[in-house]
Amino acid sequence: MNKFLQRFARKYNEGAQQDSQANIKQTDTLSNSLQQNIKKISELTGNSSDISIRTFQGANSLPMAIVYINGLTDTTIINDNIMNPIMTDAEVNIAGQRTVSDSLTVIKDQILTVSSTNTVSNIDDFMSALYSGDTIILAEGWNQGITASSAKWMQRGVEEPSSQSVIRGPKDGFTENISTNIALLRRRIKSPNLWKIDRKIGRVTQTDVSVMYLKGTANDLVVNEVLQRLDRIDIDSILESGYLEEFIQDQTFTPFPTLINTERPDTVAASILEGQVAVLMDGTPFALVLPITFLKFFIASEDYYQRFDISSFLRLLRFFAFTISMILPSLYIAITTFHQEMIPTTLLISLAAQREGIPFPAFFEALLMEITFEVLREAGVRMPRAIGSAISIVGALVLGQAAVEAGLVSAAMVIVVAFTAISSFVVPAFNISIAARLIRFILMILAAALGLFGIMSGLFFLLIHMLSLRSFGVPYMTPIAPFVPSNLKDTVVRVPWWMMVTRPRLFAKNNYVRQNVNAHPKPSDKEKEK
């Protein structure tokens, strides 16, 4: 045993030493020798075939090389704005008559015709620029390289969001390109106060992450807290904003999300204008918005584009649908198992007739149907679109007809499960719908054990848990608990736009006033005289 532990410790130390050597190697600086720099780059990249290294003679026969990655760069920019000016521009001859260090400055500031240039001296910065799509220019005698922006890769165009569509409102959605997403926000908020702070997260992936907020409106403490939580992340890879969500959220062991994700630029812009903070990440169309409260999950962007009375009605409908999706199966189990006296006699006789011959108790019947539906829903998400209709038909026949005719479930249970499933899609935020799905199973177990008392006990503990949650310092159940009357104008219902004079006080700490108090619509004096 001791030998095994010693061998394990030796292996671990050797691995750590190799990692340390690798890190030291990564932090090496460029040398004055062009050949040594090329050799070092080739070794670090494993002579990968997509790493292009082209050597050529510059001004006054100065040995030079450019390094770029095929697929990440625009060859037209390389040919027309980098290679052509260096090899043919008259300024190059001027540069050639100067010292070697002068030639670097002249080429960087006067010769290259790309949008941005920079210099790098260590390997870390060199590789970071290379994998970002820049072209690196090296020369004999330089202990630095010039980075020239030449990034270009295939990307999806701006399309309508697939998860949050609206009837009235903007049809554009975020893409996987963070620059495009930031441009979509700046197009909506044309203010110098829209600040952006960048981070690179992921030791291997070096993923670009941007924090955007409205300076002077957002709470600086929240912004600093977000940055601190992002800086604490030390992981090799970040591939989607879900990674960040789990790292920076306040509470891990809760079914309720404490951040909201969206692929709608207008939703993010509206949140920023209210004083919230947005976190965007390269490689995903989903942005994170924080802090968030529970009631915010039931607000759709379309609520602000149509009349306030219609929006208020739809919000109430969403709360009702969310409650139904969470407790309807458990209510059915509790009433049919423990509290039959609550059912009207006619309906009770009908339910009893349907359940005649069903071999399972109501709880197992509901559990069977819910699990079957969850399997069908998961299969519907994963399966190819070409066979989607076939699976839907099979699922509908199994759930709606064959299971009833086979005597496995009652028709009433099919109705309960189907209405529950439809209700779960009414809430605009998908991550809060997932919470309802998880809670539903717990309430079903409590209903099967204790009836309505079990459901009420579960909801009571759920309420206590929600009251204890925080999202970046903001109570999760505000403005109901703690009660903030000024924030009730845009929660369960929405008041007309002219009445929403102030921003939510818990988000916007520094700039409350949103609009003029005299914005009430009324006819002009001339119209009154007529």
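This text goes with the structure placed above it.
Here's a quick rundown of the structure. Given the structure is predicted, the values throughout are model-derived calculations rather than measurements.

Reading guide: rules and limits
- Residues numbered from 1 in each chain as written.
- Predicted model: local features only at pLDDT ≥ 70, side-chain atom pairs only at ≥ 80, totals over all residues.
- Heavy atoms only, no water.
- Core = buried A, V, L, I, M, F, W, Y, C linked by side-chain atoms within 4.5 Å.
- Buried < 20%, exposed > 50% of the residue type's maximum accessible area, 1.4 Å probe, protein only.
- Helix = DSSP H or I, 4+ residues; strand = E, 2+ residues; numbered from the N terminus.
- Contact = heavy atoms within 4.5 Å.
- Salt bridge = Lys/Arg side-chain N within 4 Å of Asp/Glu carboxyl O.
- Pairing = 2+ DSSP bridges.
- Axes fitted to C-alpha atoms, helices over the stretch in contact; angles between N-to-C directions.

## Some details on the nonpolar core
Counting 39 residues, the largest nonpolar core has F256, I272, L280, F294 and I432 as its most contacted members. Contributing elements (two or more residues each) for this core: α7 (178–188), β7 (207–214), α10 (265–273), β9 (277–281), β10 (287–290), α11 (308–337), α16 (430–450) and α17 (452–468). Top contributing element to this core by residue count: α16, with five residues. Other than its neighbours up to four places away in sequence, F256 contacts F294, I432, A435, I439, L462, H465, M466, L469 and Y476.

## Things to note about the pattern of salt bridges
If charged atoms from side chains of opposite charge come close, those side chains can pair. With the rule as written, the count across this model stands at 23 salt bridges. Here K196 and D198 are joined by a salt bridge, their closest N and O atoms 2.7 Å apart. Exposure remark for K196: the relative accessible area of 32% places this residue in the partly exposed category. Looking at D198, the relative accessible area reads 44%, which means it is partly exposed. Across the salt bridge formed by R315 and D303, the nearest N and O atoms sit 2.9 Å from each other. One end of the pair, R315, is in helix α11; the other, D303, is in the loop between β10 and α11, with 12 residues separating them in the sequence. On the accessibility criterion, R315 (0% relative accessible area) is buried. Note on D303: relative accessible area 0%, which makes it buried. Where salt bridges share partners, they join E370, E374, R377, R437 and R440 into one cluster.

## A few points about the sheet that holds strand β2 (residues 63–69)
The strand order across the open sheet formed by five strands is β1-β2-β4-β5-β3, and the pairing between neighbours is antiparallel. Single-partner strands in this sheet number two, and they are β1 (51–57) and β3 (117–120). Between one strand axis and the next, the sheet turns by 25° as a mean value, whatever way the strands run. Across the face of the sheet, helix α2 (residues 34–44) comes into contact with β1, β2 and β4 (135–139) while running at roughly 15° to β2. Against the sheet, helix α3 (residues 75–88) contacts β1, β2, β4 and β5 (145–148), and its axis sits at roughly 25° relative to β1.

## So, the environment of I69
Mapped onto the secondary structure, I69 falls in strand β2. When near neighbours in sequence (up to four residues on either side) are disregarded, I69 contacts D50, I51, L130 and Y131.

Function cannot be read off these values alone, since they describe shape.
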